[in-house]
Amino acid sequence: MPTVDDILEHVGEFHFFQKQTFFLLALLSAAFTPIYVGIVFLGFTPDHRCRSPGAAELSRRCGWSLAEELNYTVPGAGAAGEAFPRQCRGYEVDWNHSALGCVEPLAGLAANRSHLPLGPCRHGWVYDTPGSSIVTEFNLVCANSWMLDLFQSAVNVGFFIGSMGIGYLADRFGRKLCLLVTILINAASGVLMAVSPNYTWVLIFRLIQGLVSKAGWIIGYILITEFVGLSYRRTVGIVYQVAFTVGLLVLAGVAYALPHWRLLQLTVTLPNVCFLLYYWCIPESPRWLISQNKSAKAMRVIKYIAKKNGKSLPASLQSLRPDEEVDEKLTPSFLDLVRTPQIRRHTLILMYNWFTGSVLYQGLIMHMGLAGSNIYLDFFYSALVEFPAALIIILTIDRIGRRYPWAVSNMVAGAACLASAFIPDDLQWLRVTVACLGRMGITMAYEMVCLVNAELYPTFIRNLGVLVCSSMCDIGGIITPFLVYRLTDIWHELPLVVFAVVGLVAGGLVLLLPETKGKALPETIDEVENMQRPRKNKEKMIYLQVKKLDTPLN
């Protein structure tokens, strides 16, 4: 019986239907950006100081400028230039005291202002920003700064749980159903978050967005790779991730135009409402239908694809059966990811590489920091680095394959981290160059693991395998701040050394995986288990032939 790839060769591997579907799903990929990295703008922490109604009234009465008010009423920097006293503590004085003058008002209370008692900000804070964020609205600073960390952790916890649960449901009940459900929940929770009255509700709805948004993004990735033919699969997989990078650039522009977090959150959520129209635009995956013994429905989808592409389906290709002769549909199980030797190896190596990608991708950004104070430009420039990474993959992946570019990109990222740790501070240009090289390498590795992950699992557990393995990047996202900030206290460059070891090990493990270049998506477990055997059989055949040639001579 013909496979889906055989049929797509006749009805079109990447014609009108696939191009339309890819465009629609690429929009979904770009819309995931505000959830994954939106904390940069939603949780922006501007410079701030204690609010003092008495000091403000004295400033108004004396006609001080803002600079004079800050000079007279706000404590200076702490030891070694720390800003904590200035941002989180204020002078414990009675600003309504009649003895306070307009010139050096505190001079009569103490010869040196550093001797004046400091206390917590009892009346809130003043933020130096024309816009707003959840930090400025809910005062997530000083003693409450941990609540901003909790906000981001909630998203990663949601990513982790959602990847496991919804990945299973997508393989059990279908890609399309789960995609639409995740879009609906994402849209509803995003809008509710924008109108939430307090921090608790914001946290709850952000957690819900995390539960469904990443799972929806990966289901979209699985769908598009299952709709296109073999020769186009790798390209759409890479460009689908490039759409995420485009989302980074768009997010920077939208955040600049809408500096108030509620309006920004509402604006970036509304596209998800439009995505519900995909119910009429995107069919179920025929590969999944075949894996569930729903050949009749799969054939209807294939005929629909042929009609959209303006092709006719030959009569010899109008019958489908699952490759595995079973009487019941295949039910995915978590045990299937570790039950057989090759799939178990794939699962463990892929999980480690997802973890590595997250730790190095986020860790390099945290450690290097972005020069300047314009977060919009900094965010925009950092996103541009990802385009050359995608271009290099496209240029090499069909010529060389998946495995070697993937391994080299991990090793380049690890080597760049190791080199950065020992480059002197006075060679700043070299440090920046090597850091960009490391960022490009880990971006390539991140895109490669997403591409290859789908190619190393059979159809009925493909979605589950991708989502379970990719959940390790959420674990990496949770622990990366600890790696960066805690290890920096020991030695400033120690995180880079850790990143180097992690990246180099990941590159070596990739070499243990089979090459998937030019191979059809595996439909059964046996096909995955035999992915590396043809080469061994060929070597054995040549060996036996030499032995037969030697025998007559003896």
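That block above? That's the structure.
Residues numbered from 1 in each chain as written. Predicted model: local features only at pLDDT ≥ 70, side-chain atom pairs only at ≥ 80, totals over all residues. Heavy atoms only, no water.

Okay, the overall build of the chain next. Across its full length, the chain carries 24 helices and four strands. Buried positions account for 52% of the 554 residues belonging to the chain. At a minimum sequence separation of 6, the contacts of the chain that also span at least 24 residues come to 82%. Surface exposure of the chain reaches about 25,200 Å², of which carbon and sulfur atoms provide 65%. (Helix = DSSP H or I, 4+ residues; strand = E, 2+ residues; numbered from the N terminus. Buried < 20%, exposed > 50% of the residue type's maximum accessible area, 1.4 Å probe, protein only. Contact = heavy atoms within 4.5 Å. Areas by Shrake-Rupley, 256 points an atom, 1.4 Å probe, with all protein chains shown as cover.)

Our focus in this paragraph is helix H20 (residues 428-455). Compared with an ideal rise of 1.5 Å per residue, which puts 28 residues at 40 Å, H20 spans 41 Å between its outermost C-alpha atoms and is within 8% of the ideal. Taken across its 28 residues, H20 has 20 buried, putting it largely inside the fold. (Expected span 1.5 Å × (residues − 1).)

Here we take up a nonpolar patch on the surface. The grouping of Leu169, Phe173, Leu177, Val181, Leu184 and Ile185 at the surface amounts to a nonpolar patch, some 510 Å² of accessible area in total. If you list the elements that add at least two residues to the nonpolar patch, you get helix H9 (146-173) and helix H10 (175-194). For the nonpolar patch, the element with the highest residue contribution is H10, accounting for four residues. The exposure class assigned to Phe173 is partly exposed, which follows from its relative accessible area of 48%. (Patch = residues over 30% accessible without salt bridge, like charges linked within 9 Å, V, L, I, M, F, W, Y side chains within 5 Å. Salt bridge = Lys/Arg side-chain N within 4 Å of Asp/Glu carboxyl O.)

Here we take up the packing of aromatic side chains. A complete count under the given rule lists 22 aromatic pairs for this structure. Aromatic pair Trp201 and Phe205: ring centres 5.7 Å apart, planes at 25°, arrangement stacked. You can see Trp201 and its partner Phe205 sitting in helix H11 (residues 199-227), four residues apart, about one turn around the helix. Between Lys176 and the ring centre of Tyr279, over which it is positioned, the NZ or CZ distance is 4.8 Å. Arg403 extends its terminal NZ or CZ atom over the ring of Tyr404, reaching a point 5.1 Å from the ring centre. (Phe/Tyr/Trp six-rings, centres within 6.5 Å; stacked < 30°, edge-to-face > 60°. Lys NZ or Arg CZ within 6 Å of the ring centre and 35° of its normal.)

Time to look at the state of the cysteines. Counted according to the given criterion, the structure contains two disulfides. Two residues share a disulfide in this structure: Cys50 and Cys121, whose sulfurs sit 1.7 Å from each other. The sign of the S-S torsion, about -60°, decides the handedness of the disulfide formed by Cys50 and Cys121: left-handed. With Cys50 in strand E1 (residues 48-50) and Cys121 in the loop between strand E3 (118-120) and strand E4 (125-127), this pair connects stretches of sequence that are 71 residues apart. (Disulfide = S-S within 2.5 Å.)

Here we take up the side chain of Asn353. Relative to the helices and strands, Asn353 resides in helix H16 (residues 341-368). Residue class for Asn353 comes out buried when judged on its relative accessible area of 4%. Residues contacting Asn353, with those up to four places away along its chain left out, are Trp406, Asn410, Val449, Ala506 and Val510.

Moving on, we come to H9. Here H9 is 28 residues long and its end C-alpha atoms lie 39 Å apart, about the 40 Å a rise of 1.5 Å per residue gives. Of all the bends found along H9, the most pronounced is centred on Gly162 and spans about 30°. Residue Gly174 follows H9 closely and has a positive phi angle near 115°. (Bend = angle between axes of the 7 residues up to and from the residue.)

Right, let's get into the pattern of salt bridges. All chains considered together, the criterion is met by seven salt bridges. Residue Arg233 is joined to Glu455 by a salt bridge in which the shortest nitrogen-to-oxygen separation is 3.3 Å. Taken together, the residues Arg233 in helix H12 (residues 230-257) and Glu455 in helix H20 connect sequence positions 222 residues apart. Across this residue pair, the class does not change: Arg233 and Glu455 are buried. Salt bridges sharing partners connect three or more residues here, namely Arg233, Arg402 and Glu455.

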